[in-house]
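Structural overview for review
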Amino acid sequence: MNKFENILIKEVQAIITDRPVNTEGSVSWSSPSNIAIVKYWGKRPGQIPANASVSMTLSEAVSKTKIAYTYSQKRKALSVKFKFEGKEHKEFGKRIGKSLDGLIEIMPWLSYMELSITSQNTFPHSSGIASSASAMSALAVCLCEIEELLYGKRVTGDFYKKASFVARLGSGSASRSVYGNMAVWGMTACQPLSSDEYAIPLKEIHDDFLGMKDSILIIESGKKSISSSLGHDLMKSNPYARLRFEAAEENMQRLCGIIKSGDISSFIDILENEALSLHAMMMTSSPGYLLMKPNTLEAIERIRMFRMETGTEIGFTLDAGANVHVLYPEKSQDKVKSFIESELKPLCQNEMIIHDCMGSGPNRI
Ligand code: PMV
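As a starting point, this report considers the structure included with it. (Residues numbered from 1 in each chain as written. Predicted model: local features only at pLDDT ≥ 70, side-chain atom pairs only at ≥ 80, totals over all residues. Heavy atoms only, no water.)

1. Section: the overall build of the chain
The line we're drawing: Counting from the N terminus, the helices are the DSSP runs of H or I reaching at least four residues and the strands are the DSSP runs of E reaching at least two. Only the C-alpha atoms count toward the radius of gyration. The rule for a globule is 2.2 Å times the residue count to the power 0.38. Each residue is assigned to one of three classes by its accessible area relative to the maximum for its type, calculated with a 1.4 Å probe on protein chains only: buried under 20%, partly exposed between the two thresholds, exposed over 50%. Any two residues having at least one pair of non-hydrogen atoms within 4.5 Å are treated as being in contact. Areas reported here follow the Shrake-Rupley algorithm with a probe of radius 1.4 Å; residue values treat only the protein chains shown as occluding. A residue counts as positive if it is Lys or Arg and as negative if it is Asp or Glu; His and the chain ends are not included. Throughout, a charge is located at the NZ atom of Lys, the CZ atom of Arg, the CG atom of Asp or the CD atom of Glu.
Within the chain one finds nine helices and 14 strands. The C-alpha radius of gyration computed for the chain amounts to 21 Å, which stays within 12% of the reference 21 Å derived for 365 residues, consistent with globular compactness. With the C-alpha coordinates aligned to their principal axes, the bounding extent of the chain is approximately 70 × 45 × 40 Å. Scored against the burial criterion, the 365 residues of the chain give a buried share of 55%. Pairs at least 24 residues apart make up 76% of the contacts formed inside the chain by residues separated by at least 6 positions. Roughly 16,100 Å² of accessible area belongs to the chain as shown, and the carbon and sulfur atoms make up 50% of that amount. Between the averaged position of the 42 positive side-chain charges in the chain and that of its 41 negative side-chain charges there is a distance of 7 Å.

2. Describing the packing of helix α6 (residues 241-261) against helix α7 (residues 264-283)
Note the cut-off: A fitted line through C-alpha atoms represents every axis, and for helices the fit uses only the stretch in contact; the resulting angles, taken between N-to-C directions, go from 0 to 180 degrees. Any angle between 65 and 115 degrees counts as roughly perpendicular, while under 35 counts as roughly parallel, over 145 as roughly antiparallel, and the rest as oblique. Take the far helix as the reference: if the near one is turned anticlockwise from it by less than a right angle, the crossing is left-handed, and if turned clockwise, right-handed. Amino acids outside the nonpolar list (Ala, Val, Leu, Ile, Met, Phe, Trp, Tyr, Cys, Pro) and the charged list (Asp, Glu, Lys, Arg) are all regarded as polar, and Gly is one of them.
Relative orientation of the contacting elements α6 and α7 amounts to 160 degrees, with a least axis distance of 10 Å. Looking at the two axes, α6 sits roughly antiparallel to α7. The two elements α6 and α7 cross, and the hand of that crossing is left-handed. Between α6, through R244, A248, N251, R254, L255, I258 and I259, and α7, the contact on the second element is made entirely by S266, F267, I270, N273, E274, S277 and M281. Its residues placed into classes, the contact of α6 with α7 shows seven nonpolar, four polar and three charged.

3. Observations regarding the pairing of strand β1 (residues 24-38)
Where a strand is regular, its side chains alternate between the two sheet faces. To keep things clear, this is the line we draw: A pair of strands counts as paired when DSSP detects no fewer than two bridges linking them.
Burial analysis of β1 places 12 of its 15 residues in the buried class, the great majority of the element. Relative to strand β14 (residues 363-364), β1 runs antiparallel, the two being bridged by two bridges. The residue of β14 that forms the bridge with S30 is N363.

4. Focus on the pattern of salt bridges
Defined as follows: By definition here, a salt bridge exists when the distance from a side-chain nitrogen of Lys or Arg to a carboxyl oxygen of Asp or Glu is within 4 Å.
In this structure the tally under the stated criterion is 17 salt bridges. Here E147 makes a salt bridge to K162, at a shortest N to O gap of 2.7 Å. Taken together, the residues E147 in helix α3 (residues 132-151) and K162 in helix α4 (residues 159-170) connect sequence positions 15 residues apart. Accessibility classification places E147 together with K162 in one group, the buried group. In this structure, the salt-bridge partner of K331 is D208, at a minimum N-O distance of 3.9 Å. Here K331, found in the loop between β12 (324-328) and α9 (333-344), pairs with D208, found in the loop between β9 (199-201) and β10 (213-217); they are 123 residues apart in sequence, far enough to count as distant. Residue K331 is classed as exposed on the basis of its relative accessible area, which comes to 58%. Members of the salt-bridge network, linked through shared partners, are D208, E313 and K331.

5. Remarks on the packing of aromatic side chains
Counted only if it meets this: In this analysis, rings of Phe, Tyr and Trp, with Trp reduced to its six-membered ring, are considered paired at centre separations within 6.5 Å, and the interplanar angle assigns stacked below 30 degrees, edge-to-face beyond 60, and tilted for intermediate values. Distance and angle both matter: a charge sits over a ring if NZ of Lys or CZ of Arg is within 6 Å of the ring centre and within 35 degrees of the ring normal.
Under the defined criterion, the tally for this structure stands at eight aromatic pairs. Ring pairing ties together the aromatic residues F4, F165 and Y198, which thus form one cluster. If you follow R168 out to its NZ or CZ, it ends over the ring of F165, 5.0 Å from the centre.

Below is the structure:
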């Protein structure tokens, strides 16, 4: 068993002998999505990442989740009702049920709960934005708050560390969404407090990075042809996997220094290298697959050309999909916005672009 998980089990054992004080109630949180700079791609059993990753927390792309709960000792098993954007959502409900079952050891009180969960996203459904990070982190903070309400006291030494642990079990990248600005998940030599079990906030961020913009070009909306879980799985047999994990750790080490010193042009080097490496892993998996579309490549070409011709600080990254995240510091936004409007917007499906920026993490609503 992992170290932090052990601590969580001990902490909860110490309180579950108490009588719950608030057996009914509800909590609501909004929690953001995030975009990885150094990517997590490939995992070991128990939702442990094959390499460390670092991400920027978004501000506008959030999930808003409300959980109403009733606790009863008479209940024999957890019961969950789930509604997404007002309607029952079977696939998501199933995934949430599975995640909650996996939490019984660290949240044994869940067995006596009836939960009614409603969730909605601020970003358009099937816009191609990964919603698992925002949804799973919102669920995690809600559960951690319910635990405290139920027993009427602090259960754990660090609320967000526990929330990150819980979020990770639902979706690896969700572990990073519980913190504002930037977060690191996975053990890395450049962050002595880092862990594979939870994410930590990245502390030393140069002012020039704060408020960083992310304009998300929706090149293609809709469901991805290959899920992230299958993609992670295919890394087990990818012949370049070992080199990729080593390269990711090198990028982590360089990036931590770069973020501290404010060197935006080196940041962009790593940002783009990571995006292309992620997609190279997809292409070299067996079977190999491509998630980029012709307009993904066209957008990349135009961003690079604009940077070369104007010297503007602007870079791109990709998630596991065709959409392009255009990152640029706050101070470049006037120049970049007009370039995006004239050169990149026509490449997007229905000219859809979501303008987002670095955000401050989950909020109680
Ligand atoms: O958290 P998952 O299992 O959806 O995987 C996310 C993987 C990437 O988004 C491609 C990279 C990352 O680190 O967020």
